[in-house]
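Coordinate analysis (summary)
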Amino acid sequence: MDTERNLATLRRDLDAICDAQPFVTRFMARNLLTGDEVGRGENEETPSGSTRKTSIMMAALKAVSEGRLDLDEKIVYEQRLAQEVASGMIRFMTPGLVLSLRDAITGMMVLSDNVCTKMVLERLTLEEVDGYCKALGMVNTHHRFLIPPLALPIDHSLKSVTTTSAADQVLLLQTILDAQTSAEAQAKLGCTAELCAWALQVLKNQVLRYGLRSRLPFETVTASKSGRGKRGRMDAGVVYRNGAPFFIVTAYTDDVPQEMPDGTPGYTMSLETIGRIARACWDRFAVQ
């Protein structure tokens, strides 16, 4: 009964966190110790922001496993790759810089560098990545663009961007986590055991501490990918405790206003909401 009571309290806490804001918040959390799940709009399609890049990474690693791509391939940074890019640091670097495909994937993930994203996606196709997600069971994930146009209006339609759902991202993260020990999960991802282990480490190398990490103890290990879009912020990751996977949480805010009634930027409260969701899961899952 204590477990059921704590789970019910967590649901109330999470609803209160979401209801306190004027924007939409969709999330899903899975306790990896008990299998308990909580969610809100978790199967609803929502802008993915850069959380889409986890599936891009895995599609690229599948191609590496199949011998179609080489992580040691040298890629030259060309000025054209900086066009329509608003994230990362390579866009500020001198053209002619040479990265390996391995480094491009790393840059795409840990700094969300969209020059690196272009480098990776130019070696795949959107149809390939989209089909890969569908094959994994990510039914609400639709890869539509190489890089979203910078001039997108704040009220853009879902079909103007890549979309996903909180549940789809839990599925992907769970499969990557399972693939650390499961040959079945490795086969589902189409990646070797070594590449599955590398993918998880890349997710752990995430350097951005806002969103789901913002209210967790500072040294907490997470394997995560955050994102931002014109309509909101998002974050998706595996949270560790005592050296072991503790829970998966994916959170997506949508229809976030530019400014809150008190003048606070909307994105600030968006990130704060995601942080509070992660902290509530940390506290309540721990006492079950």
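Starting afresh in each chain, residues are numbered from 1 along the sequence in its written order. Only residues with pLDDT of at least 70 are given local features in this predicted model, and only at 80 or more are side-chain atom pairs given and counted; all residues enter the totals for whole chains, interfaces and linings. Side-chain measures here rest on the full set of heavy atoms in the structure, leaving out hydrogens and waters.

- Where an unreviewed UniProt entry is consulted, the protein appears under the name beta-lactamase, with the organism given as Tianweitania populi.
- UniProt positions are given in the numbering used here, feature names are shortened, and annotations may be inferred rather than shown by experiment. For the record of the protein, the UniProt heading Sequence similarities (unreviewed entry) holds the text "Belongs to the class-A beta-lactamase family."
- Among the UniProt annotations of the protein, the heading Catalytic activity (unreviewed entry) holds the following wording: "a beta-lactam + H2O = a substituted beta-amino acid".

1. Examining the sheet that holds strand 1 (residues 24–31)
- Paired strands are those between which DSSP finds at least two bridges. Helical segments are the DSSP runs of H or I of at least four residues, strand segments are the runs of E of at least two, and each set is numbered from the N terminus. Within the open sheet, the five strands sit side by side as 2-1-9-8-7. Their pairing is antiparallel. If you trace the sheet from one side to the other, it starts and ends with strand 2 (37–40) and strand 7 (222–228), each paired once. This sheet shows a mean twist of 10° between the axes of neighbouring strands, independent of strand direction.
- Two strands pair when backbone bridges link them, and strand 1 and strand 2 are joined in this way by four bridges, in the antiparallel orientation. Residue pairing across strands places Met28 opposite Gly39, the latter belonging to strand 2. Geometry is summarised by axes, namely lines fitted to C-alpha atoms with helices restricted to the contacting stretch, and by angles between N-to-C directions that run from 0 to 180 degrees.

2. Looking at the UniProt feature "domain: Beta-lactamase class A catalytic" (unreviewed entry) in the protein
- Per the UniProt entry, the sites bearing "domain: Beta-lactamase class A catalytic" (unreviewed entry) are residues 27–252 in this numbering.
- Helix makes up 33% of residues 27–252 and strand makes up 19%, while its end C-alpha atoms are separated by 6 Å.

3. Topic: the pairing of strand 8 (residues 233–241)
- Each residue is assigned to one of three classes by its accessible area relative to the maximum for its type, calculated with a 1.4 Å probe on protein chains only: buried under 20%, partly exposed between the two thresholds, exposed over 50%. Counted residue by residue, strand 8 has eight buried out of nine residues, so it is predominantly covered.
- In this structure, strand 7 lies alongside strand 8, joined through seven bridges in antiparallel fashion. In the sheet register, Arg228 faces strand 8, and the bridge partner there is Arg233.
- Here strand 7 hands over to strand 8 after four residues, the two strands then running antiparallel side by side.
- Here strand 8 pairs with strand 9 (residues 244–254) via eight bridges, running antiparallel.

4. Remarks on helix 5 (residues 126–136)
- Within the span of helix 5, buried status applies to Val129, Asp130, Tyr132, Cys133 and Leu136. The buried residues of helix 5 occupy an angular sector of 155° when the element is viewed end-on, so they sit on one face. Turned more than 90 degrees off the buried face of helix 5, the exposed positions are Glu127 and Ala135.
- In what follows, a contact means two residues having at least one pair of non-hydrogen atoms within 4.5 Å. Looking at the buried side of helix 5, the elements it contacts are helix 2 (53–65), helix 4 (114–121), helix 6 (166–178) and helix 7 (183–189). By definition, the arc is the one covered by directions from the helix axis to the C-beta atoms.

5. Quick word on helix 2
- Given a rise of 1.5 Å per residue, 13 residues ought to cover 18 Å, and the 18 Å separating the end C-alpha atoms of helix 2 matches this to within 8%.
- Burial analysis of helix 2 places eleven of its 13 residues in the buried class, which makes it a mostly covered element.
- Those residues of helix 2 not exposed but buried are Lys53, Thr54, Ser55, Ile56, Met57, Met58, Ala59, Ala60, Leu61, Ala63 and Val64.
- Phi turns positive one or two residues past the end of helix 2, at Gly67, with a value near 85°. Here the expected span of a helix is defined as 1.5 Å times the quantity of residues minus one.

6. A closer look at the pairing of strand 1
- With seven of its eight residues buried, strand 1 lies for the most part within the structure.
- Both strand 1 and strand 9 contribute to a ladder of eight bridges, which runs antiparallel. By the bridge assignment, Val24 is partnered in strand 9 with Asp254.
- Hairpin remark: strand 1 followed by strand 2, antiparallel, with five residues in the connecting loop; positive phi at Gly35, about 85°.

7. Quick notes on the packing of aromatic side chains
- Note on ring pairs: Phe, Tyr and Trp rings are taken, using the six-membered ring of Trp, and paired if centres are within 6.5 Å. Classes follow the plane angle, with under 30 degrees stacked, over 60 edge-to-face and the rest tilted. By the definition in use, this model includes four aromatic pairs.
- Each ring, one from Phe246 and one from Phe247, has its centre 5.1 Å from the other, and the planes form 70°; the classification is edge-to-face. As far as the burial class goes, Phe246 and Phe247 line up, both buried.
- Both rings, one in Phe246 and one in Phe285, keep their centres 6.5 Å apart while their planes meet at 75°; by these two values the pair is edge-to-face. Here Phe246, found in strand 9, pairs with Phe285, found in helix 9 (residues 266–286); they are 39 residues apart in sequence, far enough to count as distant.

8. Let's talk about the environment of Thr117
- Position of Thr117 relative to the elements: it lies in helix 4.
- If we skip the residues at most four places from it in the chain, Thr117 touches Arg52, Lys53, Ile56, Met108 and Ile147.

9. Details of the side chain of Ser50
- Examined against the element boundaries, Ser50 turns out to sit in the loop between strand 3 (46–47) and helix 2.
- If near-sequence neighbours (up to four positions away) are discounted, Ser50 is found in contact with Ser112, Lys225, Ser226, Gly227 and Arg228.

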